[in-house]
Amino acid sequence: MTVSKPIRPITGYWADRPLAFKGLVVIALPLAILFGALISLYLASNAETRAEDDVRRAFAIQRDTYQVHALLAEAAAGARGYVLTGQARFLEPYRKAEAELPVTMARLDAEIRDAEVRQRFETIRRATTQKREGLKRIVALAGAPAVRARNADALEAALISNKIVLDGMRREIENIQRRERVLLDQRQAKVDQVRNSFLVLTAISAIVGLLGSLAAVYLFSTGIVRRVRILEDNAELLARGDALTAMPDDADEIGTLGQRMHRASALLRAREQALRESEERFRLVIEGVQDYGIFALSIDGIVASWNLGAERIKGWKAEEILGQHFSRFYPDETREFLPAEMLARARNDGAAEDEGWRVRKDGTSFWANVVITALYDDSGALRGFAKVTRDMTERRRSVEALTAAREEAVAANLAKSEFLSRTSHELRTPMSAILGFGQLLELDDDELSPRHRESVHQIMKASRHLLSLINDLLDISSIEAGGTDLSIDDIDMSELLEEVHALVSPIVSAAGLRFILNLPAKGTMAAADRRRVTQVILNLVANAAKYNRTGTMVELTCQQDENLVRVSVTDDGEGIDANDVPRLFTPFDRLGQQTRAKVEGTGLGLALSKRLVESMDGQIGFEQRQKGACFWFTIKRADASRQSTARPTN
Amino acid sequence: MPANLVDNQQILAKRILAIDDEEANVLLLKNVLEREGYKDIHCITDPEKALDAYITLSPDLVLLDLMMPKIDGFQLLEAFSRHDKSDEFRPVLVLTADTTLQTRRRALALGAKDFVSKPFDVIEVALRISNLLETRILYERLKHV
């Protein structure tokens, strides 16, 4: 940035001064020169005045010396006339001289400067005094005729000596006159000299002033205007982002401004560079993305950029597709309208998303998810669109497969229900005939022989057992098929238990047992399927009645806690062997079948009950009692069905 | 008691139409009814002839099986109710081996007056039949008052 000039130390000093200083210099320099010129003019004119004064004084001295001489000469002539005539009127010049001489002498005394003249003047002054005294004596001697006669000799002597004094004085005066003439010439010459030098000085002042002004303007223009011009150009360059013209790094305001501008330019260029690099990085990232086709479209839908992902998904290379309309990616069926529609949507809503079939370069189709986003510049004008394409073919396939699988499952489920319904029908229909006819035989057994009667009885017993087996099996299967009949209602448990009690009392009584019913608190409501709850309770009570052959009672109890309704069936029979407990709810596992061969059962009751309870989100369990067994199950409380499903600890 | 209102002979004289594709079941119903003393019993095992029989015989009670080939009991129920006048009470007792809730609801919604699942108790079926017939007789009586 530093521009070294050959004479940098000097210009540099000037250049480094602040602008105020420079302005002051530029204005002050011509003024100072002008002022100097004025002073010199003043001095010159002063010298001239003095010289002229000297000349005037020389003339005055000449005049006065002549006057002194004239006054004395006239006074002497008068005195002589007086001596000769005795007439007083001859004394007039003497008296005039007596009056004027001191004045003239004093004037001369004041004006004489020259030493030689002063010396001669002193001689004259003495001679004058001598002369005046001489004249005084002469006048006194020649006062009266008598006196005059008496003093004739003295008078004569006085007249002679007086004449000598006057002659001497005349010589001195001539000398002074001569001297003054010399001085006058000298002074005249000096005045001319001063006048000449004044002219020269004025000329020099004018020239120096002019040069000074020119120098100041030059300095100003080089120091300021030139640099301001550079600054102006640099500002333009800065705006364009080009490199700036170098500028001397002077320390004044303009120099500082220039340096700041250079720094700003450097910063801007660094920033621009960083931006370019970041854009480049971003471009590389975009171009490198493989899973997404990311590319730009012009406002008209012409492909303006292309990335690897787009190449991978669509098959075109960048040079093959750039400049073409993006409707090429659409299949024939949608090419006419969909691309235009997508752009219109993106233009209106900012973005448009679509999923559908697109074509690759080789003509194959793929299922694409496409998002077109409108791109705006800072002023809000539409610049084009960004399009992101994803190949969703695989996902679509898996979704389709999933859907198919789901449909298959639903169909399978339907088929299962259909199968159950059919099986139910197919198994029951013959049972209907067997049991129906069997019952008819039983009803009319008085017509049968005892042997036949017993046969019919056995057939009926086996048939009923088979029927209950079929029923339980179908129930379990139907629950496992998806609980087709589950209908959860609010059930009043007291009411339900009383109904069940009425239903199973005969069985319990037939077993020779007491039936104890412990009803729940009034208003105990369960959220469950009424039929299933009834079925489970029936199962449990029937079981208890069936297996309690040593005890005296069956007890049915219902309680509620915060979230659950708990129903338990307890007996005071033999209880259940601890080893058998884990297998209680397993189908067809009739415990100790060999020892209890006399007890009739399908082996499905508890398994069915377990499934029924679990289908209503309940739990079923068993507790060993000191004497006997306790089976329990829980279902949700109606008013607590929406609360947390906390399980009781057991 | 119904016995006081309607004479038993009057009930037993009523015409009953039993429709079931299973021969054995139709036979069972016939046996049950004969055992009770019914005289006018008609049996159909081909469901395609059921509607014709229903129209020509104009029975007082129909015993209907639901699950039958070609034309099932539901279709017959619809056909019967399309055919009958609205002020007629001609009860249909559905007998089916399909005990699912949907089936029962659908049958009753289509106009079945009662529902018995197979296998059934002979005595129960006989009672239901006589009850339905008694209701029909009382209804007819009210209509002619």
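Residues numbered from 1 in each chain as written. Chains lettered and ligands numbered in written order. Predicted model: local features only at pLDDT ≥ 70, side-chain atom pairs only at ≥ 80, totals over all residues.

Before going further, it helps to examine the overall build of chain B. Secondary structure assignment for chain B yields seven helices and five strands. Mapped in sequence order, the helices and strands of chain B form the string α-α-β-α-β-α-β-α-β-α-β-α. In chain B, buried positions account for 39% of the 145 residues. Within chain B, contacts between residues separated by at least 24 positions form 65% of all contacts whose residues are at least 6 apart in sequence. (Helix = DSSP H or I, 4+ residues; strand = E, 2+ residues; numbered from the N terminus. Buried ≥ 20, exposed ≤ 12 C-beta atoms within 10 Å, placed from the backbone. Contact = placed C-beta atoms within 7 Å.)

The next subject is the overall build of chain A. When helices and strands are tallied, chain A shows 16 helices and eleven strands. Among the 650 residues that make up chain A, the fraction classed as buried is 26%. Taking contacts inside chain A between residues at least 6 apart in sequence as the whole, the part at least 24 apart equals 66%.

Below, the discussion takes up the pairing of strand β9 (residues 564-571) of chain A. All names here are of chain A. Within β9, seven of the eight residues are buried, which leaves it mostly tucked inside the rest of the structure. Relative to β9, strand β8 (residues 553-560) is paired through seven bridges, and the arrangement is antiparallel. Each residue of the ladder has a partner; that of Leu556, found in β9, is Val569. Adjacent in sequence and paired antiparallel, β8 and β9 are bridged by three residues. The pairing of β9 with strand β11 (residues 629-637) spans seven bridges and is antiparallel. Looking across to β11, one finds that Ser568 is bridged to Trp632. (Pairing = 2+ DSSP bridges.)

Now for the nonpolar core. Residues and elements named next belong to chain A. Within the largest apolar cluster, 41 residues are counted, with the highest numbers of intra-cluster contacts made by Met493, Ala526, Val541 and Val554. Of all elements in the fold, only α14 (493-510), β7 (525-528), α15 (530-547), β8, β9, α16 (605-615) and β11 reach the threshold of two or more residues within this core. In terms of residues, this core owes the most to one element, α15, which gives eight residues. If we skip the residues at most four places from it in the chain, Ala526 touches Ile491, Met493, Val565, Ile635, Lys636, Arg637 and Ala638. (Core = buried A, V, L, I, M, F, W, Y, C linked by C-beta atoms within 7 Å.)

Attention shifts here to the interface of chain B and chain A. With 18 residues of chain B in contact, the opposing surface of chain A contributes 16 residues. Looking at the side of chain B that touches chain A element by element, the count peaks at six residues for helix α3 (residues 23-36) of chain B. Grouping the constituent residues of the side of chain B that touches chain A by class yields nine nonpolar, four polar and five charged. (Nonpolar A, V, L, I, M, F, W, Y, C, P; charged D, E, K, R; others polar.)

This brings us to the packing of helix α2 (residues 19-85) of chain A against helix α3 (residues 92-111) of chain A. Residue and element names in this part refer to chain A. The N-to-C vectors of α2 and α3 enclose an angle of 155°; their axes lie 9 Å apart at closest approach. Taken together, the axes of α2 and α3 are roughly antiparallel relative to one another. As for how α2 packs across α3, the hand of that crossing is left-handed. Among the residues forming the contact of α2 with α3, the class breakdown is 14 nonpolar, four polar and eight charged. (Axes fitted to C-alpha atoms, helices over the stretch in contact; angles between N-to-C directions. Parallel < 35°, antiparallel > 145°, perpendicular 65-115°, else oblique. Left-handed = near helix turned anticlockwise from the far one by under 90°.)

Residues and elements named next belong to chain B. Where helix α4 (residues 50-57) meets helix α5 (residues 73-83), the axes come as close as 10 Å, and the angle between the chain directions of the two elements is 30°. Classified by the angle between their axes, α4 and α5 sit roughly parallel to one another. Helix-helix and strand crossings are classified by hand; for α4 and α5 the assignment is right-handed. On α5, the residues touching Ala50, Leu51, Tyr54 and Ile55 of α4 are Leu76, Ala79, Phe80 and His83. Split by residue class, the contact of α4 with α5 holds seven nonpolar, one polar and no charged.

With that settled, the discussion passes to the sheet that holds strand β4 (residues 382-391) of chain A. All names here are of chain A. Strand order in the open sheet formed by four strands is β1-β4-β3-β2, and the pairing between neighbours is antiparallel. Of all strands in the sheet, those with a lone pairing partner are β1 (292-297) and β2 (351-359), marking the two edges. Across the sheet, the axes of successive neighbouring strands diverge by a mean angle of 25°, strand direction being ignored. The strands touched by helix α11 (residues 338-349) are β2, β3 (365-376) and β4; relative to β2, the strand with the most contacts, the crossing angle is about 165°.

Our next topic: the pairing of strand β1 (residues 15-19) of chain B. Residue and element names in this part refer to chain B. With four of five residues buried, β1 is to be regarded as a mostly interior element. In this sheet, strand β2 (residues 40-44) lies alongside β1 in parallel orientation, the contact comprising five bridges. Bridge pairing in β2 places Ile19 opposite Ile44. This β-α-β element, β1 to α3 to β2, shows right-handed connectivity. Two elements, β1 and strand β3 (residues 61-65), share four bridges in a ladder whose sense is parallel. The partner of Ile16 across the bridge, within β3, is Leu61. (Right-handed = clockwise from strand over helix to strand, strands pointing away.)

Along the polypeptide, Thr85 of chain A turns up in helix α2. On a C-alpha basis, the gap between Thr85 of chain A and Ala142 of chain A in space is 9.5 Å, while along the polypeptide they are 57 residues apart.

Once that is clear, we can look at unusual backbone geometry. With an omega of -5°, the peptide bond running from Lys118 of chain B to Pro119 of chain B counts as cis. Within the secondary structure, Pro119 of chain B is located in the loop between β5 (114-117) and α7 (122-144). The phi dihedral of Asp617 of chain A falls on the positive side, at around 65°, and the residue is not glycine. Along the polypeptide, Asp617 of chain A turns up in the loop between α16 and β10 (619-624). One non-glycine residue with positive phi stands out, namely Lys70 of chain B, at about 65°.

Once that is clear, we can look at the confidence of the model for chain B. Residues and elements named next belong to chain B. Scored by pLDDT, chain B has a mean of 88; 97% of the residues are at 70 or more. Looking at the elements of chain B, mean pLDDT is at its lowest for helix α1 (residues 2-5), recorded as 57, and at its highest for β1, recorded as 95. The ipTM value of the predicted complex is 0.85, and its pTM value is 0.42. (pLDDT = per-residue confidence, 0-100.)

With that settled, the discussion passes to the sheet that holds β1 of chain B. Residue and element names in this part refer to chain B. Sheet architecture is open: five strands sit in the order β2-β1-β3-β4-β5, paired in parallel fashion. Two strands bound the open sheet, and with one partner strand each, they are β2 and β5. With strand direction ignored, the average angle separating the axes of adjacent strands in the sheet is 15°. α4 contacts β1, β2 and β3 of the sheet and is inclined by roughly 180° relative to β1.

Turning to helix α7 (residues 253-288) of chain A, a few remarks are in order. Here α7 of chain A contains 36 residues, and its C-alpha end-to-end distance of 51 Å stays within 8% of the 52 Å for a straight helix at 1.5 Å per residue. Where α7 of chain A is concerned, the buried positions are Ile254, Gly255 and Gly258 of chain A. (Expected span 1.5 Å × (residues − 1).)

Moving on, we get to α11 of chain A. Given a rise of 1.5 Å per residue, twelve residues ought to cover 16 Å, and the 16 Å separating the end C-alpha atoms of α11 of chain A matches this to within 8%. Tucked into the core, α11 of chain A has its buried residues touching β2, β3 and β4 of chain A.

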